[in-house]
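A look at the structure
Given next are the chains, with one letter for each unit.
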Amino acid sequence: MQLFVEQLTNVDFSYLDARRGLVGETWWASAVLDGALDDQGMVCDFGIVKKTLRNWLDDELDHRLLVPVQSPALTLKHSADMIELSWRYDNGELLEMRAPRQAVALVDAGQIDADSVAHWCREQLRSHFPVNVEQLTLSFAAEDIDGAFYHYSHGLKKHNGNCQRIAHGHRSRIQIWLNDERSSALEQQWAERWADIYLGSEEDLISNDNNQLLFRYSAQQGEFELSLPESRNYMMNTDTTVEFIARHLADTIKQQHPTSQVKVRAFEGVNKGAIAKA
């Protein structure tokens, strides 16, 4: 017998890619459980399935940086408390990060994709279900977006939860109106401008040495530091909450179209975000 749960939850995270660099991503998680029926006539209670998977994904994947530990692009040092890594892009550029260990998921794979992460998660979850559950099949899929979207990473040092991690991210749609008319051209323009971008806050910038930016801040979870190429960054003079992102986009577009009324819906992952007008 098989039990399935589709789009059980979504996870927001970033990952390291040899070509694209630091990539913000959002995936829906779905699951299928194979097993014998118990004395209740169930493979597993849906409540247990949902709670177990959601809690584990929230704790171990969501708002983390996913690192493929088998990749030759990676140099890694870590302890129980801290992690230091460097990542060499295919074009020779370098990313370095120092952060609390809980900010990273060390995935036993050569690259990060939906299949490799699903396999790694299944291995970690083997002991979390009743003995009659013989197999867990976990799958991930990106949101089906009809229109423009971008992948961005950031860190929110003032956040009380896991958003304070300096390299987590989202795959997010963008919607823009000029005088109450949707502008697909502007949406696509910003999607291309923010493709695989890091949104950095000016107050967290420590240095710019030969076009290599260094960000550093202290948060409740500890000390965070990130160095990456300037070409992979977009600087903001505020924090990078979705509210500030929406306002920044609206104000910037207004400067380019001073006679138009501007409205922006900036998403943060799936089905949530902020609206700003200018």
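The name given to the protein in an unreviewed UniProt entry is 6-carboxy-5,6,7,8-tetrahydropterin synthase, with Thalassolituus hydrocarboniclasticus as the source organism. The UniProt entry for the protein carries this comment under Pathway (unreviewed entry): "Purine metabolism; 7-cyano-7-deazaguanine biosynthesis."

A few words now on the pattern of salt bridges. Tallied over the entire structure, the rule returns 13 salt bridges. Where Glu-187 meets Arg-182, a salt bridge forms, and the shortest distance between an N and an O atom there is 2.5 Å. Note on Arg-182: relative accessible area 40%, which makes it partly exposed. Look at the salt bridges and you will find they share partners, linking Lys-157, Lys-158, Glu-203, Asp-204 and Asp-239 into a network.

Time to look at the nonpolar core. Taken as a class, soluble globular proteins show a tendency for nonpolar side chains to be buried jointly. Within the largest apolar cluster, 29 residues are counted, with the highest numbers of intra-cluster contacts made by Leu-53, Leu-57, Leu-61, Leu-66, Val-117, Cys-121 and Phe-140. Of all elements in the fold, only β1 (2–17), β2 (21–35), α1 (46–60), β7 (104–107), α2 (114–125) and β8 (133–142) reach the threshold of two or more residues within this core. No other element matches β1, which puts 6 residues into this core. Not counting the four nearest positions on each side in its chain, Leu-66 is found in contact with Phe-13, Ser-14, Tyr-15, Leu-16, Leu-61, Ala-105, Val-107, Ile-112 and Val-117. Residues Leu-74, Tyr-198, Phe-215 and Leu-228 belong to the second largest nonpolar core, which totals 26 residues.

Moving on, we come to unusual backbone geometry. At Asp-196, a residue that is not glycine, the phi angle is positive and equals roughly 55°. Note on placement: Asp-196 falls in the loop between α3 (184–193) and β12 (197–201). In this structure, Asn-211 is a non-glycine residue whose phi angle is positive, near 65°. On the secondary structure map, Asn-211 appears in the loop between β13 (205–209) and β14 (212–219).

Further remarks concern the pairing of β14. Examined bridge by bridge, β13 and β14 share 4 bridges and lie antiparallel to one another. Residue pairing for β14: Ser-207 is matched across the bridge by Leu-214. Linking β13 back to β14 in an antiparallel pair, the connection comprises 2 residues, with Asn-210 at a positive phi of about 55°. By the bridge criterion, 8 bridges tie β14 to strand β15 (residues 222–229) in an arrangement that is antiparallel. Bridged to Leu-214 within β15 is Ser-227.

Tallied over the entire structure, the rule returns 11 aromatic pairs. Ring geometry for Trp-190 and Trp-194: centres 5.4 Å apart, planes at 80°, overall edge-to-face. Exposure remark for Trp-190: the relative accessible area of 0% places this residue in the buried category. Ring geometry for Tyr-198 and Phe-215: centres 5.6 Å apart, planes at 50°, overall tilted. On the criterion of sequence distance, the pair formed by Tyr-198 in strand β12 and Phe-215 in strand β14 is long-range, its members being 17 residues apart. Of the two residues, Tyr-198 and Phe-215, both sit in the buried class. Among the aromatic side chains, those forming a connected cluster through ring pairs are Tyr-150, Tyr-152, Trp-190, Trp-194 and Tyr-234. Residue placement shows Arg-171 over the ring face of Phe-149; its charged tip is 4.1 Å from the ring centre. Directly above the ring of Phe-267 sits Arg-173, whose terminal nitrogen or CZ lies 4.7 Å from the centroid.

What counts, and where the lines are drawn
Residues numbered from 1 in each chain as written. Predicted model: local features only at pLDDT ≥ 70, side-chain atom pairs only at ≥ 80, totals over all residues. Heavy atoms only, no water. UniProt positions renumbered as here; feature names shortened; annotations may be inferred. Salt bridge = Lys/Arg side-chain N within 4 Å of Asp/Glu carboxyl O. Buried < 20%, exposed > 50% of the residue type's maximum accessible area, 1.4 Å probe, protein only. Core = buried A, V, L, I, M, F, W, Y, C linked by side-chain atoms within 4.5 Å. Helix = DSSP H or I, 4+ residues; strand = E, 2+ residues; numbered from the N terminus. Contact = heavy atoms within 4.5 Å. Pairing = 2+ DSSP bridges. Phe/Tyr/Trp six-rings, centres within 6.5 Å; stacked < 30°, edge-to-face > 60°. Lys NZ or Arg CZ within 6 Å of the ring centre and 35° of its normal.

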